[in-house]
Amino acid sequence: MKKILIIQTAFIGDVILATPVAEKLHNVFPDAGIDFLLRKGNENLLLNHPFLNEIIVWDKKHNKYRNLFGILRLIRNANYDLVVNLHRFGSSGIVTAFSKAKRTIGFDKNPFSVFFSKRVKHNIGKENYQYHEIDRNLSLVAEYGNIGRIMPRLYPSAKDYFKTETGKDNEYICIAPASVWFTKQYPKDKWIEFIRSIQESLHIYFIGSVTDKELCEEIIKESGHQFSENFAGKLSLLETAALMKNAKMNFVNDSAPVHIASAMNAPVAAIFCSTIPEFGFSPLSEKSTLVQTGESLECRPCGLHGLKYCPENHFKCAYTIEKENLLQTIDN
């Protein structure tokens, strides 16, 4: 193998959970140039990655399909030996199928997988609780030797760590309170209740995107914790990773920050409301805790992904998670 392309054009967490594939392929083919195709907005995740040659960025928001066919021309001219597609949707399937690569591999759920050299079954759902997403991804390259399970990795620079040294003299926790989906997000009033019970000397740094800034400000104001600071929208993805690495604990929903923590082997308490860890997106850090309701709810999980509202209009999967479930992870 001289030239390899990995494709994952979904979201932040999906890109992070694709990094074990890059790690393995470099291990097996150390002299190969490995490129990575992702969606615009996620490219900074893979800055400084020692095993990647080129990051190819697809702008999905503006002129999506014109940009797609421009990328396809670029890939066809690159003469890849291997294309590994971790994305399960048609757009990436077109790129893979018509890439002119010598070998193409992807999941059978991709509508264009019939044109791939090899299709691999994608096991997810209630009947496949034993599979983590990294195991599903690594199954695509299983034919290239068994070198054991490989964890996701991100590579913040010294500059990233330097920018987040604000907390080096104080013990601190990070909280990422937001999620794109309502049923994946621990409720604001529950966050406030939890924060009001945290010892006053412990610093709290709120993290997230610029769209999470307002929620973080509301929680800070209403909880009244003296040493709280809002970093939402102020840090890059790798700066956020550097901050999480040195935290006493990171409190996150079932969303991208849980995977950032995994990639940094940072301590993490992952809150699962409507979704369940068995879908394969649980944290992988050595020090990790799953926080979820202790009640047996017939409605949980209500879907594979988060929803915009609780279908039962009670949201018990979130409201039955008590602050004690979170507080005990700080001392452990």
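Refer to the structure above for everything that follows.
This write-up is about the structure you can find in this document. Nothing here was measured: the structure is a model prediction, and the numbers come from that model.

**Observations regarding helix H12 (residues 323-331)**
Stage number 1. Residues of H12 that are buried include every one of Leu326, Leu327, Thr329 and Ile330, and no others. The arc that holds every buried residue of H12, seen down its axis, measures 155°, which confines them to one face.
Stage number 2. The inward-facing, buried residues of H12 contact helix H7 (188-195), strand E10 (249-253), strand E11 (268-272) and strand E12 (288-292).

**Some words on the packing of aromatic side chains**
Stage number 1. Enumeration over the complete set of coordinates arrives at nine aromatic pairs.
Stage number 2. Here the aromatic rings of Phe112 and Phe115 are separated by 6.5 Å at their centres, their planes lie at 35°, and the arrangement is tilted.
Stage number 3. For Phe112, a relative accessible area of 24% corresponds to the partly exposed category.
Stage number 4. Seen in terms of ring centroids, Trp191 and Phe194 are 6.3 Å apart; in terms of plane orientation they differ by 55°. Their pairing is tilted. With a gap of three residues between them, Trp191 and Phe194 both fall in helix H7, about one helical turn apart.
Stage number 5. Trp191 sits in the buried class, given a relative accessible area of 0%.
Stage number 6. When its relative accessible area of 0% is taken as the criterion, Phe194 is described as buried.
Stage number 7. Among the aromatic residues, ring-to-ring pairing joins Tyr186, Trp191, Phe194 and Phe251 into one connected group.
Stage number 8. Directly above the aromatic system of Tyr80 lies the positively charged group of Lys3, at a separation of 5.2 Å from the ring centroid.

**Concerning unusual backbone geometry**
Stage number 1. Between Arg300 and Pro301 the backbone carries a cis peptide bond, its omega angle lying at 0°.
Stage number 2. Looking at the secondary structure, you find Pro301 in the loop between E12 and helix H11 (316-319).
Stage number 3. Phi is positive for Asn79, close to 55°, though the residue is something other than glycine.
Stage number 4. On the secondary structure map, Asn79 appears in the loop between helix H3 (64-78) and strand E4 (82-85).
Stage number 5. Since its relative accessible area comes to 52%, Asn79 is described here as exposed.

**Notes on the sheet that holds E4**
Stage number 1. Taken together, the six strands give an open sheet; going across it, the order is E3-E2-E1-E4-E5-E6, and neighbouring strands pair in parallel fashion. Two strands bound the open sheet, and with one partner strand each, they are strand E3 (54-58) and strand E6 (118-120). Neighbour-to-neighbour, the strand axes of the sheet open up by a mean angle of 15°, direction not taken into account.
Stage number 2. With five bridges joining them, strand E1 (residues 3-7) and strand E2 (residues 33-39) adopt parallel strand pairing. The residue of E2 that forms the bridge with Ile7 is Leu37.
Stage number 3. Its contacts with the sheet put helix H2 (residues 19-28) on E1, E2 and E4, and the angle it makes with E1 is roughly 165°.
Stage number 4. The strands that H3 touches are E1, E2 and E3; relative to E3, the one it contacts most, it runs at about 150°.

**Some points on empty space enclosed by the protein**
Stage number 1. Counting across every chain of the model gives one cavity of 30 Å³ or more.
Stage number 2. Of the voids in this model, the largest cavity is the one considered here, and its volume is about 80 Å³.
Stage number 3. Lining the largest cavity, in full, are Thr183, Ser274, Leu297, Cys299, Arg300, Cys302, Cys310, Pro311, His314, Phe315, Lys316 and Cys317.
Stage number 4. Among the residues forming the lining of the largest cavity, the class breakdown is seven nonpolar, three polar and two charged.

**Quick word on the sheet that holds strand E8 (residues 203-206)**
Stage number 1. If you trace the six strands from one edge of the open sheet to the other, you get E9-E8-E7-E10-E11-E12, paired in parallel fashion. Here the strands that pair on one side only, and so sit at the sheet edges, are strand E9 (228-230) and E12. Mean inter-strand twist for the sheet, computed between neighbouring axes without regard to direction, equals 20°.
Stage number 2. Across four bridges, E10 lies against E11 in parallel orientation. The partner of Val252 across the bridge, within E11, is Ala270.

**Considering the environment of Phe36**
Stage number 1. For Phe36, the location among the structural elements is in strand E2.
Stage number 2. Under the relative-accessibility criterion, Phe36 is labelled buried at 0%.
Stage number 3. For the pair Phe36 and Met244, spaced 208 residues apart in sequence, the C-alpha separation works out to 25 Å.
Stage number 4. Sequence-distant contacts of Phe36, that is, excluding residues within four places in its chain, are made with Leu5, Ile6, Gln8, Val15, Ala18, Leu46, Leu52, Glu54, Ile55 and Ile56.

Cut-offs used in this document
Residues numbered from 1 in each chain as written. Predicted model: local features only at pLDDT ≥ 70, side-chain atom pairs only at ≥ 80, totals over all residues. Heavy atoms only, no water. Buried < 20%, exposed > 50% of the residue type's maximum accessible area, 1.4 Å probe, protein only. Helix = DSSP H or I, 4+ residues; strand = E, 2+ residues; numbered from the N terminus. Arc of directions from axis to C-beta. Contact = heavy atoms within 4.5 Å. Phe/Tyr/Trp six-rings, centres within 6.5 Å; stacked < 30°, edge-to-face > 60°. Lys NZ or Arg CZ within 6 Å of the ring centre and 35° of its normal. Pairing = 2+ DSSP bridges. Axes fitted to C-alpha atoms, helices over the stretch in contact; angles between N-to-C directions. 1 Å grid on protein atoms, 1.4 Å probe; cavity = no way out; pocket = protein on both sides within 12 Å on 5 of 7 lines; lining within 4 Å. Points joined across faces, edges and corners; volume = space filled by probe spheres on them. Nonpolar A, V, L, I, M, F, W, Y, C, P; charged D, E, K, R; others polar.

Worth remembering: the numbers are spatial, not functional.
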